[in-house]
Every structure is written in structure tokens, then in C-alpha cells.
Amino acid sequence: MGLPPPLRAQAIRTPTGSRSEENPMRRPFIAGNWKMNLLLPEAVRLAGDLRERLRDLSDRDVAVFPTFVAVEAVARALEESPIQVGGQTCHPEDAGAFTGEISAPILASAGASLVIVGHSERRHVFGESDADVALRLQAALRHRLRPVLCVGETLEERESGRTLEVVERQVRSALEPVAKDGLAAVTLAYEPVWAIGTGKVATPEQAQEVHAAIRGMLRDMGGAVGEDMRILYGGSVKASNVDGLMAMTDIDGALVGGASLDADEFARIVRFEAM
Ligand code: PEP
């Protein structure tokens, strides 16, 4: 099966932003989402392997997102390293009767400095609405966790020409309630649902189209956010395709799932090394 169709030309309404090399706020950011993988000792081992491979890193940001039970041990294993640690979601409330959930202050107390919110698996498997995602993002900001807000369309939404409508709704519903100074802590990740875990990476041009449109939405929101917010691409990123994606003007990094579980592969992705 081929890739889903490109967006309709008339839907693209915004110019591109400045290149990350010209804007220090947009230095590359590569994040590894470990999802529900790795036993605790395996997670600690992977953290140690990444620490070794990425010890000299200074020109980009790197983070890993282990399962909740591994956050503390992975954060310890990565102390004094350039690699940061985050949680995979957080509940809107700080504490209470929410069996199975985790709160932002608990994540922060375990050593997390970031948290993913609105990942497509949370939206589509666990039924998180735009309103839930917005509250989770606000909880993260209250506790000084830097959120990575995921947005992206399903295959059906792309094929029916609704990609930008869906992405705009997801971006605005999460970011409009946030005060301008809070937005500086947010990173966006555009992850087309049809490209996640499927091996079907969007072409650099398909991704750039949406990233440029998102940058336009951010500019409409005013302030520095349009120029400064990093927008990562996610969906079957590997060492073999990362450099093509990173060559695009509005792609500031990658959110990597499956390929982040292999230390060699992830280290190559971080360095944009095909081989
Ligand atoms: C993800 O889960 O955010 C993701 C992009 O997964 P994968 O790289 O496996 O497609």
C-alpha cells in the first residue's frame, strides 16, 4: 500500500519559519517514547547504553520517556548526562482517587522534567478528548514539567481532506487556554496516526506541509511562540530517514517510538546518521 495522499494545495496557507540553526530556541530535540516496553532492568540498561553513546552531546536536546515505574531509576541512571527523562502522560489532578493514573507532581518527584500529552494512543485507545488533553497539559505546566503535545490526523481524516482542520482543533484546544509565558515550555509533535508504528513514514515534504501550517497557527496565536516553538515529527522515524526529515525548514526534531528501544539506532537518529 502506498502513502496517503498529500494535502490539497489550497489548504496550505502559511509561509515557513526560520531554520533551527538561525533560531537557538529551536535547537534540535530528539525524544524516545519507550511506550509499554522494557522490564525495569532492561530500561536501566538501555539508559546506561544511551548515556555512553551520547555523552559528548551539546548541540541538541535528547529525552527518553520510560514507563512510569522506570522513570525514577532511568532518571538516576542518566544523572549528569545530557539526556532528560519524562513521563508518557499525566492526569489533570494532582492527587486523588484515580486508580491507575499518574499525576504531574508524582512524575516530577521521580525525576521527570518532561511529559508527553495527547499521544495518539492516549487519544484513540484510551479515549482522551481534546478537553482532557488540554487539562493534562495545564497540570504539567503547573508542576514545571515541559509538555510534549502530540497532534495528528488518522488515515480516514487525511483521506477525507481534514488533516489541517483536525490538527488545528487539537493545537488550539490545548494551547489557547495557556498563558503566553507558559507556552515557552511546550514542544509540539506532529504525529500522523497512520505513520505511527506502521513503518509508513510521511515523506519529508508531507511532514513539512503540516509543520508549516502548524507554525502558521502558532503565529496566529501571537507572541514569540510562532517562531520559537519546536515542532517535532513522529511516525516510523529511523536512522535511515531522519536526515531527510531534519532537512525540512519547520521540522525541529523527532519523537521516536519503536526505533528508540535500540541504543545504537536511537543514538544514530540523535546524530542524524544514516549508517
Ligand atoms: C510514537 O509512538 O510516538 C511513534 C512515533 O512511534 P513509531 O516511531 O514507532 O512510529
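**Brief notes about the sheet that holds strand β7 (residues 231-234)**
Read around the barrel, eight strands follow the order β1-β2-β3-β4-β5-β6-β7-β8 and close on themselves; strand pairing throughout is parallel. Each strand axis lies, on average, 25° off the axis of its neighbour in the sheet, ignoring direction. Across four bridges, strand β4 (residues 114-117) lies against strand β5 (residues 146-151) in parallel orientation. Looking at the pairing, I116 lines up with V148 of β5. Here helix α9 (residues 204-220) sits on the sheet in contact with β5, β6 (187-190) and β7, set at roughly 150° to β7.

**Some words on the site of the ligand**
Lining the immediate surroundings of the ligand are 14 residues, of which K35, E191, G197, S236 and G257 lie closest. With the chains in place, 96% of the 300 Å² that the ligand exposes on its own is no longer accessible. Taken together, the residues of the shell around the ligand sort by class into four nonpolar, eight polar and two charged.

**Some details on the confidence of the model for the protein**
Parts of the prediction with low pLDDT should not have their coordinates interpreted in detail. In the predicted model, the protein carries a mean pLDDT of 92, and the fraction of residues at 70 or more is 92%. In the model, residues 8-18 has pLDDT below 50 throughout and makes 28 contacts with residues more than four positions away in sequence or in other chains.

**Notes on the packing of helix α7 (residues 163-175) against α9**
A pair of packed helices can be characterised by two numbers: the angle between their axes and the separation between those axes. For the pair α7 and α9, interaxial distance at closest approach is 10 Å and the crossing angle is 40°. The pairing of α7 with α9 is recorded here as oblique in orientation. As for how α7 packs across α9, the hand of that crossing is right-handed. Residues T163, L164, V167, E168, V171, R172 and L175 of α7 touch α9, and the partners they reach there are V210, A213, I214, M217, L218 and D220. Here the contact of α7 with α9 is built from residues that sort into nine nonpolar, one polar and three charged.

**Points about the state of the cysteines**
Scanning all chains against the criterion turns up zero disulfides. A disulfide-free cysteine, C150 has its sulfur positioned 12 Å from the sulfur of C90, the nearest such atom. Judged by relative accessible area, C150 falls into the buried class, the value being 1%.

**Some points on the nonpolar core**
Ranked by internal contacts, the top residues of the largest apolar core, which has 71 residues, are L149, L175, L188, I214 and Y233. Among the elements that make up this core, the one with the highest residue count is α9 (six residues). Setting aside anything within four residues of it in sequence, one finds Y233 in contact with Y190, P192, A195, V201, A202, A207, H211, L245, I251, G253, A254 and L255. F65, I116, C150 and A189 belong to the second largest nonpolar core, which has 11 residues in total.

**With respect to the pairing of strand β2 (residues 61-65)**
The element β2 is largely enclosed, with a buried count of four among its five residues. The sheet contact formed by strand β1 (residues 29-33) and β2 spans five bridges and is parallel. In the sheet register, I30 faces β2, and the bridge partner there is V62. In this structure, β2 lies alongside strand β3 (residues 83-87), joined through three bridges in parallel fashion. Bridged to V62 within β3 is I83. What joins β2 to β3 is helix α2 (residues 68-77), and the crossover it makes is right-handed.

**Here we look at the side chain of S81**
Looking at the element boundaries, S81 is found in the loop between α2 and β3. By relative accessible area, which is 17% here, S81 ends up buried. There is a polar contact of 2.8 Å between the side chain of S81 and the backbone oxygen of L78.

What counts, and where the lines are drawn
- Residues numbered from 1 in each chain as written.
- Predicted model: local features only at pLDDT ≥ 70, side-chain atom pairs only at ≥ 80, totals over all residues.
- Heavy atoms only, no water.
- Pairing = 2+ DSSP bridges.
- Helix = DSSP H or I, 4+ residues; strand = E, 2+ residues; numbered from the N terminus.
- Axes fitted to C-alpha atoms, helices over the stretch in contact; angles between N-to-C directions.
- Contact = heavy atoms within 4.5 Å.
- Near = heavy atom within 4 Å.
- Areas by Shrake-Rupley, 256 points an atom, 1.4 Å probe, with all protein chains shown as cover.
- Nonpolar A, V, L, I, M, F, W, Y, C, P; charged D, E, K, R; others polar.
- pLDDT = per-residue confidence, 0-100.
- Parallel < 35°, antiparallel > 145°, perpendicular 65-115°, else oblique.
- Left-handed = near helix turned anticlockwise from the far one by under 90°.
- Disulfide = S-S within 2.5 Å.
- Buried < 20%, exposed > 50% of the residue type's maximum accessible area, 1.4 Å probe, protein only.
- Core = buried A, V, L, I, M, F, W, Y, C linked by side-chain atoms within 4.5 Å.
- Right-handed = clockwise from strand over helix to strand, strands pointing away.
- Polar contact = N/O pair within 3.5 Å; in protein donor to acceptor, adjacent residues only side chain to side chain.

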